[in-house]
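# Structural characterization, general
Read off the chains here:
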Amino acid sequence: MKLHYYPYTLQLKNVFTLARSSRSTTPIVLTEIHYKDLIGYGEASLPPYLGETQESVIQFLSKIDLNRFSSPLQIPEIMQYLDEIAPKNTAAKASIDIALHDLAGKINGLPCYKMWNLNPQNSPGTSFTIGIDSINLIKEKTIEAAKYPFIKVKLGRDTDKAIIKAVREVTDKPVCADVNQGWTDKHAALDMLHWCNEQNVVFVEQPMPVNQLDNTAWLTMHSPIPIFADESFQRLSDLDKIKDAFSGINIKLMKCSGLHEAREIIKQAKEMNLQVMLGCMTETSCAISAASQIASLTDFIDLDGNLLISNDCFTGSQIVNGKVIPTQLPGIGINKCC
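The present account deals with the structure reproduced in this document. (Residues numbered from 1 in each chain as written. Predicted model: local features only at pLDDT ≥ 70, side-chain atom pairs only at ≥ 80, totals over all residues. Heavy atoms only, no water.)

## Considering the overall build of the chain
Helices and strands together make up the secondary structure of the chain, namely 12 helices and 15 strands. Taking 338 residues into account, the globule formula puts the C-alpha radius of gyration at 20 Å, and the chain, at 19 Å, falls close to it. Summarising its shape, the C-alpha atoms of the chain cover approximately 60 × 40 × 40 Å along the three principal directions. By residue count, 59% of the 338 residues in the chain fall in the buried class. Within the chain, residue pairs in contact and separated by at least 24 positions form 68% of the contacts whose partners lie at least 6 positions apart. When the accessible surface of the chain is summed, it comes to about 13500 Å², and 48% of that surface belongs to carbon and sulfur atoms. Across the chain, the centroid of the 32 positively charged side chains sits 2 Å from that of the 37 negatively charged ones. (Helix = DSSP H or I, 4+ residues; strand = E, 2+ residues; numbered from the N terminus. Rg over C-alpha atoms; globule rule 2.2 N^0.38 Å. Buried < 20%, exposed > 50% of the residue type's maximum accessible area, 1.4 Å probe, protein only. Contact = heavy atoms within 4.5 Å. Areas by Shrake-Rupley, 256 points an atom, 1.4 Å probe, with all protein chains shown as cover. Lys, Arg positive; Asp, Glu negative; His and termini not counted. Charge placed at Lys NZ, Arg CZ, Asp CG, Glu CD.)

## A word on the packing of aromatic side chains
A full pass over the atoms with the stated rule returns seven aromatic pairs. Considering the side-chain rings of Phe128 and Tyr148, the 5.0 Å spacing of their centres and the 20° angle between planes classify their relative orientation as stacked. In this pair, Phe128 is assigned in strand β4 (residues 127-130) and Tyr148 in the loop between α5 (135-144) and β5 (150-154), connecting sequence segments 20 residues apart. Across this residue pair, the class does not change: Phe128 and Tyr148 are buried. Each ring, one from Phe150 and one from Phe300, has its centre 6.1 Å from the other, and the planes form 90°; the classification is edge-to-face. Note that Phe150 is positioned in strand β5 and Phe300 in strand β11 (residues 300-301), a separation of 150 residues in sequence. (Phe/Tyr/Trp six-rings, centres within 6.5 Å; stacked < 30°, edge-to-face > 60°.)

Honestly, it's all geometry; don't read function into it.
Structure representation (structure tokens):
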């Protein structure tokens, strides 16, 4: 197996604003693993909060020697080896995991979901994310997102109620809200959760800072709607720490090192009676298509990262009746187009 990698910068169609930051681009690193006459494609998406950069990813990838392994099908062993090289670096590891699964499917001549006996038609519909913006633009983006069954809004500033009201003026669809740690007082947060419940907000992601786990547990206990962990939950080892503080978790391939670990997280989370959401960063159709292979295992889907960019270099999974449906191509189901 030969590993190739190179940096690439995603251009967002609109400035993307969260509770604590704004950006118009997202750096990524694209990977290729060549095996015989096959190529497996992978991706590391690098939003600021992950703490990885193109330079750190390339440095990590340069340490990898895939010649230690005879086959791309040795995914558990390879992923354990990556964890032994260095801690963290989860997006870099995910780029290898995704490429390996792409190769595994191509070797078997099947999409990954068929290798795992999954049915994409059983997956929930995806939400479409609207960043913090002017009220008029929020209304416009909500109207443009009419084909999606859920609207996801970013909250965490003093405009939260105005944003929800703007969405409600143009649609009665269910809304999920991502606060990105933007609420800091648990009592004010609880008041806001009761108000959100009245507005048919079905759940809220990461309302409070990561370092307020006890306050989050109190909030979850008293909240009328589920609360999902995002920044508070990264990898499988975090499950025990957060299981009593949240109603559910948001799994992202870039946080958990890829599909191999994501599938195990889903299994254990369900055993703990945690709801499971499958999310994404700003990504190309490579990582989105990889995630779509396991979408049917989850309760909620937020796989719209490729829809937010203007320079996708892959084609893959498509939105069909609000669901993210993989192609019939083997592996993660993509074609490279640039």
